[in-house]
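Tertiary structure, described
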Amino acid sequence: MKASGAPSAAPSTRVWSTVNSREAEMLQEEIRSIYRECNPEKVEKGEVDSLLQKYKGQESLLLRRVQYHYGLVVMTGRLWRRDEDVWRRVKASLRADGLLRWTSDKTGEDLDVRKCAVDEWDAGTAGRKLAFAVFATSDQGTKLLVAAAETPEDKRRWIRCFVDTNDFFAKL
């Protein structure tokens, strides 16, 4: 972390085509599941299989496109959110449209993370283990979210989800 409060590096750009065969199978099943729920005719007509063939090796990109098309939630879970110097445990949902919503927060405030950078913070910088910062940029300026996950795996998943969201909207 730089002293200026900006992220120490530009957000990493994930190459959408890098998934192993096991991950690809899981992503394909998730895509099929969404279509069975939202548009079963495409499954019955074989259109989903054609899409999966077209996006072979890029299943994570296809999944995000499908989630975006149907307005789905990409990830939900518990986070610790720092407001001022107080940490509160909240339930958060990251929607495919790039908005992070605090479902257990009464403010109703969303954070637009379509254009963001993520930086891992240590406990000394953030005041809590497993912390990270999201610098979300929009027409209204840059907003800072300081959050912490409950497990190292959750931290990795949240950070990857934010980076994927940034990358997805950069490609639109």
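First things first, this report covers the structure right here in the doc. (Residues numbered from 1 in each chain as written. Predicted model: local features only at pLDDT ≥ 70, side-chain atom pairs only at ≥ 80, totals over all residues. Heavy atoms only, no water.)

Bringing the packing of aromatic side chains into the picture now. In total, this model carries 6 aromatic pairs according to the counting rule given. Between Tyr68 and Phe169 the ring centres are 5.6 Å apart and the planes differ by 80°, which places this aromatic pair in the edge-to-face class. With Tyr68 in helix H4 (residues 59-69) and Phe169 in helix H6 (residues 152-171), this residue pair connects regions lying 101 residues apart in the sequence. When the ring centre of Trp80 is taken as origin, the NZ or CZ atom of Arg128, which lies over that ring, is 3.9 Å away. Of note, Arg128 hangs over the ring of Trp87, and the distance from its end group to the ring centre comes to 5.6 Å. (Phe/Tyr/Trp six-rings, centres within 6.5 Å; stacked < 30°, edge-to-face > 60°. Helix = DSSP H or I, 4+ residues; strand = E, 2+ residues; numbered from the N terminus. Lys NZ or Arg CZ within 6 Å of the ring centre and 35° of its normal.)

All right, on to H4 then. Judged by how many residues are buried, H4 sits mostly within the fold: 8 of 11 residues are covered. Looking only at H4, the buried set comprises Glu59, Ser60, Leu61, Leu62, Leu63, Arg64, Val66 and Gln67. Buried positions along H4 lie against helix H1 (21-38), helix H3 (47-54), strand E1 (73-83) and H6. (Buried < 20%, exposed > 50% of the residue type's maximum accessible area, 1.4 Å probe, protein only. Contact = heavy atoms within 4.5 Å.)

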